[in-house]
Amino acid sequence: MAKHRIALLSAGHAGVDFYQGAVPAMVPFLVAERGYGYVAASGIVLALTLLSSVVQPAFGAAADRWRMPWVVPVAMTTAGLGVAVSGVTDDYLPTWLAVALTGLGVAAYHPESARLARQASEGSHVGMSWFSLGGTLGFALAPVLVTPLLAAGGLAASPYLVIPGVLGALLTVTAMRRGTAGPGAGGPAGDARDDWPAFLRLGAVMVFRSIAYVGLSAFAALHAGGGTAGAVALFLLFAGGAAGTVLGGRLATRFGRVRVLRWAYALAVPAVLAAVLMPLAGIFFAGLALYVPFSLHVTMGQDYLPNRPGTASGVTLGLAVSVGGLASPLVGALAEATTLGSALLVLPVFAALAWLVSWPLAEPAIRVSR
């Protein structure tokens, strides 16, 4: 039963994180049909992440106080509606606001769903990696589905993009009815203490990782030349992320989370550099290296803050992840002042910073809220 629930939750996760991949896949069409420049295009990515940056930790704090499973399916359909509307608005501001609505839905989804997944996986690194894999696959499928759809029908075809969110919500509701219930976010973890210094250091690691990854995903399609090549580049990035997510859980079970996290970021530095210099040849390995520690961030954050698992989930899946979207307009501005390839060369630096900051981290005890 636990495996079935994780599978359903993972599929639902794919449905909502599809939209985090759909927005970058829409960027070349916004540039082609509406003449957006690099700054305007990166501002659309910013819209996806801005509300998530501020609101997702708040949803996490609320999940620590109240059990709110109803938020999950509502958030998923909201995310779908935002992207569906974004392509049929003519002006920049309504488009920006519609994408921001998607960001709000994504923000509301993650803290409560991460709590449900941790309960269903019973603390297993592999189980949580499968849940995270669903989100990564949603990313990966987005350019494969969005690019041909919009190539055939233009931005006017965007209403069809509501479908993954609705299907994901139905699957998630099924999983919730199969027993992922509990008295709340788990309540206090006995006499365990929250380790805020370690959690904040982990947050800094995720901030640097976010800037490297989101900066790469926001401009990967344009850097590869747009069109089919751009879609292939995004797919390779997200497919590498999917492989890295599964690999991370299995490696952590054998070697420990902190050790695997450090290895991954050490490998991410040359991998991200290769992705900038040889987009179609190196981008898969950049996604792989940057996603090996992704599910580990979530469980480590929850274990560093055993009394606040919702807050931990909100930060690990929200604030620290979406900071990259806040930085992407700066990368766009640098690209307009120089070239896109030159601007993207700053991204390996942030991967290196994530590696350096991770060194003082210690392995937290594994605690699962009930």
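Engineer: Looking at this structure, I do not really get the side chain of Ser 10. What am I missing?
Structural biologist: Considering the arrangement of structural elements, one finds Ser 10 in helix H1 (residues 2–34). Under the relative-accessibility criterion, Ser 10 is labelled buried at 12%.

Engineer: Would you explain the packing of aromatic side chains in this entry?
Structural biologist: For any pair of aromatic rings, geometry is given as the distance between the ring centres together with the angle between the planes. This model, assessed by the stated rule, comprises nine aromatic pairs. Considering the side-chain rings of Tyr 213 and Tyr 291, the 5.1 Å spacing of their centres and the 80° angle between planes classify their relative orientation as edge-to-face. Taken together, the residues Tyr 213 in helix H7 (residues 196–223) and Tyr 291 in helix H10 (residues 279–291) connect sequence positions 78 residues apart. The residues Tyr 213 and Tyr 291 share a single accessibility class, namely buried. Aromatic pair Phe 255 and Trp 263: ring centres 5.2 Å apart, planes at 65°, arrangement edge-to-face. Judged by its relative accessible area of 30%, Phe 255 falls in the partly exposed class. The structure contains a cluster of three or more aromatic residues connected by ring pairs, namely Tyr 213, Tyr 291 and Phe 294. Sitting over the face of the ring of Tyr 213, Arg 209 holds its NZ or CZ atom 4.8 Å from the ring centroid.

Engineer: What is the right way to read the pattern of salt bridges from this model?
Structural biologist: Close approach of charged atoms allows side chains with opposite charge to pair. Scanning the model with the defined rule gives three salt bridges in all. Linking Arg 308 and Asp 194 is a salt bridge whose minimum nitrogen-to-oxygen distance equals 2.2 Å. Of the two residues, Arg 308 is situated in the loop between helix H11 (294–304) and helix H12 (309–337) and Asp 194 in the loop between helix H6 (163–177) and H7; the sequence distance between them amounts to 114 residues. Judged by its relative accessible area of 35%, Arg 308 falls in the partly exposed class. Two residues, Glu 363 and Arg 257, come together in a salt bridge whose shortest N-O distance is 2.8 Å. With Glu 363 in the segment after helix H14 (347–357) and Arg 257 in helix H9 (residues 257–277), this pair connects stretches of sequence that are 106 residues apart. Take Glu 363: its relative accessible area is 40%, and that puts it in the partly exposed class. Arg 257 gets classed as buried once you look at its relative accessible area, which sits at 0%. Connected via shared salt-bridge partners are Arg 257, Asp 303 and Glu 363.

Engineer: Just to check I follow, could you spell out the nonpolar core for this structure?
Structural biologist: Here is a general trend for soluble globular proteins: nonpolar side chains tend to be buried in one another's company. Val 146 and Met 300 are the most contacted members of the largest nonpolar core, which totals 102 residues. Among the elements that take part in this core, H1 stands out by supplying 13 residues, more than any other. With residues near it in sequence (within four places) discarded, Val 146 still touches Phe 18, Ala 22, Ala 25, Met 26 and Leu 161.

Engineer: Quick question: what am I supposed to make of the packing of H1 against helix H3 (residues 71–86) here?
Structural biologist: The description of two helices packed together rests on the angle between their axes and the distance between the axes. Contact pair H1 / H3: the axes reach a minimum separation of 10 Å and the direction vectors enclose 10°. By the angle class used here, H1 and H3 are roughly parallel. Considering only the axes of H1 and H3, their crossing is left-handed. On H3, the residues touching Gly 12, Val 16, Tyr 19, Val 23, Met 26 and Arg 34 of H1 are Met 76, Ala 79, Gly 80, Val 83 and Ser 86.

Engineer: Can you help me understand the packing of H7 against H11 in this one?
Structural biologist: Closest axis-to-axis distance for the H7/H11 pair is 10 Å, and the angle between their directions is 160°. What the angle tells us is that H7 and H11 run roughly antiparallel. In terms of crossing hand, the pair formed by H7 and H11 is left-handed. Contacts between H7 and H11 involve Ala 198, Phe 199, Leu 202, Val 205, Met 206 and Arg 209 from the first element and Phe 294, His 297, Met 300, Gly 301 and Tyr 304 from the second. Its residues assigned to classes, the contact of H7 with H11 shows eight nonpolar, two polar and one charged.

Engineer: What is the right way to read the confidence of the model for the chain from this model?
Structural biologist: Detail in the predicted coordinates should be disregarded across regions flagged by low pLDDT. On average, the chain scores 85 in pLDDT, and the residues at 70 or more come to 92%. Within the chain, helix H2 (residues 38–65) has the poorest average pLDDT of any element, 76, and H14 the best, 96. Below pLDDT 50 for its whole length, residues 180–188 participates in 24 contacts with residues either more than four positions away or in separate chains.

Definitions and cut-offs
Residues numbered from 1 in each chain as written. Predicted model: local features only at pLDDT ≥ 70, side-chain atom pairs only at ≥ 80, totals over all residues. Heavy atoms only, no water. Helix = DSSP H or I, 4+ residues; strand = E, 2+ residues; numbered from the N terminus. Buried < 20%, exposed > 50% of the residue type's maximum accessible area, 1.4 Å probe, protein only. Phe/Tyr/Trp six-rings, centres within 6.5 Å; stacked < 30°, edge-to-face > 60°. Lys NZ or Arg CZ within 6 Å of the ring centre and 35° of its normal. Salt bridge = Lys/Arg side-chain N within 4 Å of Asp/Glu carboxyl O. Core = buried A, V, L, I, M, F, W, Y, C linked by side-chain atoms within 4.5 Å. Contact = heavy atoms within 4.5 Å. Axes fitted to C-alpha atoms, helices over the stretch in contact; angles between N-to-C directions. Parallel < 35°, antiparallel > 145°, perpendicular 65-115°, else oblique. Left-handed = near helix turned anticlockwise from the far one by under 90°. Nonpolar A, V, L, I, M, F, W, Y, C, P; charged D, E, K, R; others polar. pLDDT = per-residue confidence, 0-100.

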